Amino acid sequence: VTGQAQANLIPLLQLKPDVVVLAVSDSMQENAKDFIKLLKTIGSYQDKNIIQFDQVPDVGLEAIVDKAMEIEDGLQELYPQSLISYHATGGTKLMSLGFYTVFSNEKNRILYCDMTHGEIETLYPQKQSPIAIKSVLNINDALLSMGQTYRKSAGEQWQEQANSRKELTKWLAQNAEELDQFFGCINGFVQKAIKQTSRGQLNEIEHPEHTFNFVPRKLWKEALKKLVKHNVVQWDESKPDYLYFHSLKGAEYIAGSWLEEFTWHIIKDLKPEEVKANVEFAESGALKSDIRNEMDCVVAHKNRLLLIECKTINFKKGGDKNTDILYKLESLGHRAAGLYGTKWLVSARLLDPNTLKRAQEYNIKVISGSELKDVKEQAKQWMDGKT
C-alpha cells in the first residue's frame, strides 16, 4: 500500500486477480482503509477476496525480507495452485528490493506499473512482453481514487444551449486577441448589471441598461450583431451606444462562460474517453459538510485527468486575485488529479509576466489570447501522452 492509490489500483482493475493481498506498513494504515473502500466501490471486491498483512517494515532490509518471506509462505500455503503476482510499484525502494528478493522464484511473477509509458512490465520472469495499460478509470473513479467524490456537472440543458451557439463561441475564441478590450468593456458592464445573491440562490439582473462611451465599430459591431443573433444581449444599430442585458444567462455567457463552452466543444470534438463541464466534487472524507470544489472542465483519457480553469478577466489588473486563481488550480490539481494529472489555465486575455511565471512554477500550462486557436492541437498532444 502506497500514498498514490492509482498506481496500485489501475493494474488491479485491468488484471482482475481473484484475491488482492495488501502489505501494509504502520504509516499506511489509513491509506489501506481508503484503498479497501476503493477496491469495494470501483473493483467490486468483497471482504473475502481481500487479505491484509500488517506491520510490514519500511526500514531495515533484513526485517523487510523476513516479513516478505512470511507473507509469501502464507500465500503459498493458502493458494498452492495459484499464480502469485507481486506488484512492485508501491512502498519504498528498500521495500521493493526486499520483496523482489523473496518473490523472484518460479512460483510467482513480479509486475511494475509504468504509467509514464502506459505499460505493465513483467520484471520476473524476465523477457516477458509488457502489457499495455487499458483505460479503466473514468472521471468519477479517478476522482474517487484521489479521495474526491464527484457530485455533479453540466447537464443536458447546458449542453443543448452550448451546442446551439457553438458557431458564436468559436468565433469569439478565434478573435479573442482582437476582442481583448471588448471583453474588458463588456465584463465591466456585467459586473454592474448582476446583483449577487446569497449562496444557493440564483443571481439577478439588477441594472440591465448600459451605455458605451463611443459608437462600436468594425469587430466590436460584428461581435454585438452575433450576440444579438444568438439572443445573448439586446443591441440595435439605430442606437449603437446602448446595450441591454435581458437575461442572467446571457450576461454570464458573454462575461466568461463562453470560454468554458469553447473549451468543452473543442475537446469533446476530439472524442476523449470522457469530458465534463462545470464539474463539482467534494472531499470523500468530509461529505457531510458538502464543501464543493468546482472545475470548469475535466477530461479523463487513458487513466489520466486534465483539469481546466477558464478565465476572461484582465490579469494585468488582477493583483492578488491572480495568485488565488493559480493556487486553486494547483491545489485542486494536486488533490484531485495526482501525479498523472495535468492542469491548464485557459484565458481569453494575456497574463502579466508575474502571473505567467507563477503558473510555470506551479506546472500549470497556460493557453491565452491568440493561443486559443491552439487548444485543439494541445488537447490532441495531451491525449496522445505527449504533454
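Preceding this paragraph is the structure being described.
To start, this report covers the structure provided alongside it. (Residues numbered from 1 in each chain as written. Predicted model: local features only at pLDDT ≥ 70, side-chain atom pairs only at ≥ 80, totals over all residues. Heavy atoms only, no water.)

## Considerations on the nonpolar core
- Ranked by size, the top nonpolar core spans 52 residues in total, and within it F182, F245, I254 and L372 carry the most contacts.
- If you tally residues by element for this core, the top one is helix α10 (residues 248–269), at 10 residues.
- Residues contacting I254, with those up to four places away along its chain left out, are L172, F182, I186, N187, V190, L227, V232 and F245. (Core = buried A, V, L, I, M, F, W, Y, C linked by side-chain atoms within 4.5 Å. Buried < 20%, exposed > 50% of the residue type's maximum accessible area, 1.4 Å probe, protein only. Helix = DSSP H or I, 4+ residues; strand = E, 2+ residues; numbered from the N terminus. Contact = heavy atoms within 4.5 Å.)

## Quick word on the layout of surface pockets
- Taken as a whole, the second largest pocket encloses approximately 910 Å³ of empty space.
- Lining the second largest pocket are 31 residues, with V19, V21, S85, Y86 and H87 sitting closest to its centre.
- Breaking the lining of the second largest pocket down by element, the ones donating at least two residues are α1 (5–15), β1 (20–23), α3 (61–78), β3 (84–87), α4 (93–103) and β4 (108–114).
- Taken together, the residues that form the lining of the second largest pocket break down as 22 nonpolar, 7 polar and 2 charged. (1 Å grid on protein atoms, 1.4 Å probe; cavity = no way out; pocket = protein on both sides within 12 Å on 5 of 7 lines; lining within 4 Å. Points joined across faces, edges and corners; volume = space filled by probe spheres on them. Nonpolar A, V, L, I, M, F, W, Y, C, P; charged D, E, K, R; others polar.)

## Regarding unusual backbone geometry
- The amide bond that connects Y124 to the next residue, P125, takes the cis arrangement and shows omega of -5°.
- Relative to the helices and strands, P125 is located in the loop between β5 (119–124) and β6 (131–132).
- Backbone geometry at K16 places phi at a positive 50°, although glycine is not the residue there.
- Looking at where K16 falls in the secondary structure, it is placed in the loop between α1 and β1.
- Look at K16 and you get exposed, because its relative accessible area is 63%.
- In this model, K218 sits at a positive phi of 50°, which is unusual for a non-glycine residue.
- Structurally, K218 is set in helix α9 (residues 218–229).

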